[in-house]
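Summary of structural features
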Amino acid sequence: MKRKSGLAALAVAVVLWASFALTIRGLGATGLTPVDAAVLRFVTPVILLAPWLPRAFRAVRRERPGTILALSLAGLPHYLLSALGGRLTSAALTGLLLPGTVPLFVAVILVVWRGDRPSGRRVLALAAIALGVAATALLTGSAATTAGVGILLAAGCAWAVYTIALRHTRLDLTSVVLVVCVPSALVAVALECTGPAPMHLAGASPSYVIVLILLQGVGTGIFSTLSYVYAVRRLGSAIPAVTGALSPVLTTLLAVPIFGEPVTAGVLVALALVTGGVVGYNRASVRADADLGRELVVEPGRLPQRV
């Protein structure tokens, strides 16, 4: 029973990660701007988690300002970069590059910051990810798509900084979610109300708004994180870490009937290299952590956590 419930939770997490890329890609067809969607994405978790706000505020006072700032990058900065990159590329590339490049950027940042030296297995995995990224840049068909790839890489880098900060924070899971969402919600609402980003929510289709609230605000904002952590606690870190690499594959397959996006040779090459690199990196990480007598859980799509 424990294994079945863990696998069910993991399946929910993978589907929600894929839905994030798909809704980002389809945002232009809804008539909403990225800031409109950001309001729904970040205000919803703040409202639902409001009872935990006082505890989160007390915890934030005890945390280092630099860590709080790094955690905040996973909010509005990452979201707007993802939305812009998604508009210029495809759902497949969005679902691939956002989670897939995080291990690469984490490794580079740690080498520069602390002089860490990744193991041989990790180097090979990171090389595969880098080759996959290069394939997307070389095999894309337009300058706009190439620019979109660059923007998605910037979003992946922001998430990598967040991942590193998350490994060092003393905040609990709920407080981390609120640290990400509260400032992002305030800035997004301010942008909507002051004019730089005109509001389109009032004229939007109610069905679009409901879908974004459920998939982005509730699904991505809360349940994907909780589902993944639950799966790890039931299955250990190895199975979820590797299975999480299926999210880009699912995104690519769903984008064909939903958006009519062709699966090109470039996408297939990048998908194989990046997904293979993520699987290899996570396996090497689990093996190294086991040797140290601990497990460090790195979610390949959304919110990494220690458990």
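Overview of the structure. Small disclaimer: the values here were computed from a predicted structure and weren't measured.

Thresholds applied
- Residues numbered from 1 in each chain as written.
- Predicted model: local features only at pLDDT ≥ 70, side-chain atom pairs only at ≥ 80, totals over all residues.
- Heavy atoms only, no water.
- Helix = DSSP H or I, 4+ residues; strand = E, 2+ residues; numbered from the N terminus.
- Buried < 20%, exposed > 50% of the residue type's maximum accessible area, 1.4 Å probe, protein only.
- Contact = heavy atoms within 4.5 Å.
- Areas by Shrake-Rupley, 256 points an atom, 1.4 Å probe, with all protein chains shown as cover.
- Expected span 1.5 Å × (residues − 1).
- Phe/Tyr/Trp six-rings, centres within 6.5 Å; stacked < 30°, edge-to-face > 60°.
- Polar contact = N/O pair within 3.5 Å; in protein donor to acceptor, adjacent residues only side chain to side chain.
- Axes fitted to C-alpha atoms, helices over the stretch in contact; angles between N-to-C directions.
- Parallel < 35°, antiparallel > 145°, perpendicular 65-115°, else oblique.
- Left-handed = near helix turned anticlockwise from the far one by under 90°.
- Nonpolar A, V, L, I, M, F, W, Y, C, P; charged D, E, K, R; others polar.

Glancing now at the overall build of the protein chain. Per the secondary structure count, the protein chain includes 14 helices and two strands. Within the protein chain, the fraction of its 307 residues that count as buried is 54%. Considering only intrachain contacts with a sequence separation of at least 6, the fraction spanning at least 24 residues in the protein chain is 88%. Total accessible area on the protein chain stands at roughly 13400 Å², and carbon and sulfur atoms take up 70% of it.

This part takes up helix α2 (residues 34-48). With 15 residues, α2 should reach 21 Å at 1.5 Å per residue; the first-to-last C-alpha distance of 22 Å fits that figure. Within α2, twelve of the 15 residues are buried, which leaves the element mostly enclosed by the surrounding structure. By the burial criterion, the buried members of α2 are Pro34, Val35, Asp36, Ala37, Ala38, Val39, Leu40, Arg41, Phe42, Thr44, Pro45 and Val46.

A few words on the packing of aromatic side chains. A full pass over the atoms with the stated rule returns three aromatic pairs. For the pair Phe20 and Tyr79, a centre-to-centre distance of 6.2 Å together with 70° between the ring planes defines the contact as edge-to-face. Note that Phe20 is positioned in helix α1 (residues 2-25) and Tyr79 in helix α5 (residues 76-88), a separation of 59 residues in sequence. Given the relative accessible area of 4%, Phe20 is considered buried. Overall, the relative accessible area of 2% leaves Tyr79 in the buried class. Ring geometry for Phe42 and Tyr79: centres 5.7 Å apart, planes at 75°, overall edge-to-face. One end of the pair, Phe42, is in helix α2; the other, Tyr79, is in helix α5, with 37 residues separating them in the sequence. Members of the aromatic cluster, each reached through a chain of ring pairs, are Phe20, Phe42 and Tyr79.

The next point concerns the environment of Asp172. Residue position: Asp172 is located in the loop between α9 (143-168) and α10 (173-194). Expressed as a C-alpha distance, the spacing of Asp172 and Ala59, which sit 113 residues apart in the sequence, is 8.5 Å. Only 3.4 Å separates the side chain of Asp172 from the side chain of Arg55, close enough to count as a polar contact.

This part covers the packing of α1 against helix α13 (residues 246-259). With their axes 9 Å apart at the nearest point, α1 and α13 run at an angle of 45° to one another. The angle between the axes of α1 and α13 places the two elements in the oblique class. Handedness of the crossing formed by α1 with α13: right-handed. The segment α1 lies against α13, with Val14, Val15, Trp17, Ala18, Ala21, Leu22 and Arg25 engaging Leu246, Ser247, Leu250, Thr251, Leu254, Ala255, Ile258 and Phe259. Per-class residue counts for the contact of α1 with α13 are twelve nonpolar, two polar and one charged.

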